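Now for the letters of each chain:
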Amino acid sequence: MGDCLKYSIQCSKCRSEIELREWVWKHTECNGTLNIEFKGLENIRFSNILRKEYNDIRRYMELLPVKQEYVPKIPVGGTPLAKRHLGANVYFKMDYLNPSGSFKDRGAYITLAKVKELGCQEIIEDSSGNAGIAFSLLARTAGIKANIYIPKKAPEGKKRFLKLLGANVVEVEGSREDVNKEALKAERKGKGVYVGHWWNPFFIEGLKTIAYELWEQLGEKIDYIFTPVGSGGLFLGIFKGFLELKNMGAIPTIPKLVAVQAQGYCSLCEKLGLSYETKERSKLADGIMILKPPRLSEIINAIRETEGFCVVVSDKEIVLALKELINMGFIVEPTSATAYAAFKKSFSEKLVGESSNVVIVLTGSGLKVLDKLNSVIFRSNL
Ligand SMILES: Cc1ncc(COP(=O)(O)O)c(C=O)c1O
Ligand SMILES: [Zn+2]
């Protein structure tokens, strides 16, 4: 079994190349975010390097910066697509069907393989819930100890799940940014390596496999991809996957990427000049309640390069979208419903036409937040 293709790690700010001797998650000299760049993609044919014996993330090992011997024991990825005619041709990517119930499993899988290869035994992660759950589940299978920092106000279902998985859970009072500060303090005290997905480039490498799967499932015909954006890892992962496919000559252009934010957490949309009438903050979209994502300028660049756009949705729109999704058979959480709400809005505003092929990424399972679904759907007076 061959190693993956050659790659380098680069700082997005000062462009230095980083040598990976021990775990890194940012460029310590300039605080820039790091990105992984595979070499010689123009000489590769994507379909020739697939490991066709696998129908999960291992199918793409040649393009993942880890050694297969270190990957967690439970496979992730390989999630289905469901087609519906909803004005346009809509394809729901059911990524909430991953082992821990969210797309975050892909990022945690690759990160943990790297952590293990580097000989680290203990990780620190800050999360709104799903990433923490993904790390906790996969760390268990890899024999690594997980310290998970989450907001005290995270949904009860997610907190219960984390405890069930045996993680050391630290609940932090305050915003998602306060949680991040506490996790970084723990790292400084030497309580493990910090793998926070706001920064960690290996996490994005796992997430890019969604693009590879979409290419295998739909080929060149995708016009738009709608995803919720919190830290933007999902968005940037999908962008990177398609960029690599383009560099390998598999597609002529990257689909238009549509970034979806929730009311009151829309720094990206504001940067792009979109004003939104209400300043009231969302109470439902707990996965994307991030005020200042560290990779903001990279997200803006991806929107511009793909001629995509940004949409802000309200809690009222989220509830309507969530009810419709459940009626269609998709048991997802409110954060996931933002992407469908944004599609509905864009379609009614004619930003997306009837003949378009649209992918909506369904990111997180509703089964972790049944209390929240119950109160939103049955008791909401929104
Ligand atoms: C269900 C769900 N969807 C979307 C997101 C946003 O992902 P990202 O932070 O990669 O933008 C999250 C993040 O926690 C999430 O939990
Ligand atoms: Zn730098």
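Residues numbered from 1 in each chain as written. Chains lettered and ligands numbered in written order. Predicted model: local features only at pLDDT ≥ 70, side-chain atom pairs only at ≥ 80, totals over all residues. Heavy atoms only, no water.

## Side note on the pattern of salt bridges
The cut-off we apply is this: Definition used for salt bridges: Asp or Glu carboxyl oxygen within 4 Å of a side-chain nitrogen of Lys or Arg. Labels follow the DSSP assignment, with helices taken as runs of H or I lasting at least four residues and strands as runs of E lasting at least two, numbered in each case from the N terminus. Exposed residues in this analysis have more than 50% of their type's maximum accessible area, buried residues have under 20%, and partly exposed residues fall in between, with area computed by a 1.4 Å probe over protein chains only.
Tallied over the entire structure, the rule returns 29 salt bridges. The closest approach of N and O atoms between D178 and K181, which form a salt bridge, is 4.0 Å. Of this pair, D178 and K181 both sit in helix α4 (residues 176-188), three residues apart, roughly one helical turn. Between E205 and K240 there is a salt bridge, and its shortest N-O distance comes to 2.7 Å. Within this pair, whereas E205 is found in helix α5 (residues 201-207), its partner K240 is found in helix α7 (residues 233-247), the two being separated by 35 residues in sequence. Across the pair, K240 and E205 agree in class, each one buried. Among the ionic contacts, a cluster of salt bridges with common partners joins K93, D95, R106 and E213.

## What about the coordination of the zinc ion (ligand 2)?
Just so we agree on the cut-off: Each metal's donors are the N, O and S atoms found within 2.8 Å of it, except that Na, K and Ca use a 3.2 Å limit; water is left out, so coordination can look incomplete. The geometry test gives tetrahedral to four donors whose angles all lie between 85 and 135 degrees, gives square planar to four donors and octahedral to six donors whose opposite members are over 155 degrees apart with all other angles between 65 and 115, and gives irregular to the rest.
Taken together, C11 (SG), C14 (SG), H27 (ND1) and C30 (SG) make up the protein donors of the zinc ion (ligand 2), found 2.0 to 2.3 Å from the metal. For the zinc ion (ligand 2), the four donor atoms in the first shell make angles of 99 to 123° at the metal, so the coordination geometry reads as tetrahedral. Looking at C11, the relative accessible area reads 0%, which means it is buried.

## A closer look at a nonpolar patch on the surface
Formally: Within this analysis, patches are made of residues with over 30% relative accessible area and no salt bridge. Like charges are joined at 9 Å or less; nonpolar side chains (Val, Leu, Ile, Met, Phe, Trp, Tyr) at 5 Å or less. Residue burial considers only the protein chains on display, and all accessible areas are found by Shrake-Rupley using a 1.4 Å probe.
A surface patch of nonpolar side chains, amounting to about 280 Å² of accessible area, comprises I331, L367 and L370. Within the secondary structure, L370 sits in helix α12 (residues 370-378). Look at L370 and you get partly exposed, because its relative accessible area is 48%.

## Quick notes on the pairing of strand β5 (residues 88-94)
Test applied: In this scheme, strands are said to pair when DSSP sees at least two bridges between them.
Among the seven residues that make up β5, seven are buried, leaving the element largely enclosed by the rest of the structure. Here six bridges tie strand β4 (residues 81-86) to β5, and the two strands are oriented antiparallel to one another. Note on β5: the bridge partner recorded for H85 is N89. Between the antiparallel neighbours β4 and β5 lie one residue, among them G87 with a positive phi of about 90°. Pairing analysis gives six bridges linking β5 to strand β13 (residues 357-362), with the strands arranged parallel. Residue pairing across strands places Y91 opposite V359, the latter belonging to β13.

## Thoughts on the environment of L236
Using the following cut-off: Throughout, a residue-residue contact means that at least one pair of heavy atoms, one from each residue, lies within 4.5 Å.
Following the sequence through the fold, L236 ends up in helix α7. Looking at L236, the relative accessible area reads 6%, which means it is buried. Residues L236 and A321, spaced 85 residues apart in sequence, show a C-alpha to C-alpha distance of 24 Å. Here L236 is in contact with I204, R295, E298, I299 and A302, once residues within four sequence places are set aside.

## Notes on the layout of surface pockets
Under the convention used in this document: Lining residues are those with an atom within 4 Å of a point, where the points come from a 1 Å grid over the protein atoms alone and group into cavities, where a 1.4 Å probe fits but cannot get out, or pockets, open sets with protein on both sides within 12 Å along at least five of seven lines. Grid points are joined across faces, edges and corners, and a volume is the space filled by probe spheres set on the points.
In this structure, the largest pocket occupies an estimated 690 Å³ of space. Taken together, 31 residues line the largest pocket, and the ones lying closest to its centre are R15, N35, K240, L243 and E298. Those elements giving two or more residues to the lining of the largest pocket turn out to be β1 (7-11), β3 (34-38), α7 and α9 (296-305). For the lining of the largest pocket, the element with the highest residue contribution is α7, accounting for six residues.

## Details of the domain arrangement of the protein chain
Heads up, the condition is: The domain boundaries here were taken from an automatic or database domain assignment. Summed over both partners, the accessible surface that disappears when two parts come together, traced with a 1.4 Å probe, is what is meant by buried area. Polar contacts, as used here, are pairs of N or O atoms within 3.5 Å; protein pairs need one atom able to donate a hydrogen and one able to accept it. Residues neighboring in sequence count only if both atoms are side-chain atoms.
For the protein chain, the domain assignment lists domain 1 (7-70), domain 2 (81-99 + 207-378) and domain 3 (104-201). The straight-line distance from the C-alpha centre of domain 1 to that of domain 3 is 21 Å. At the junction of the two partners, domain 1 supplies 21 residues and domain 3 supplies 19 residues. For the pairing of domain 1 and domain 3, the buried interface totals around 1,800 Å² over both sides, and the portion due to carbon and sulfur atoms is 76%. Of the charged contacts, one joins E117 and K67 as a salt bridge, the two residues approaching to 3.7 Å between their closest N and O atoms. Taken together, domain 1 and domain 3 are joined by four residue pairs in polar contact (both at pLDDT 80 or more). Top contributing element to the side of domain 1 that touches domain 3 by residue count: β3, with three residues.

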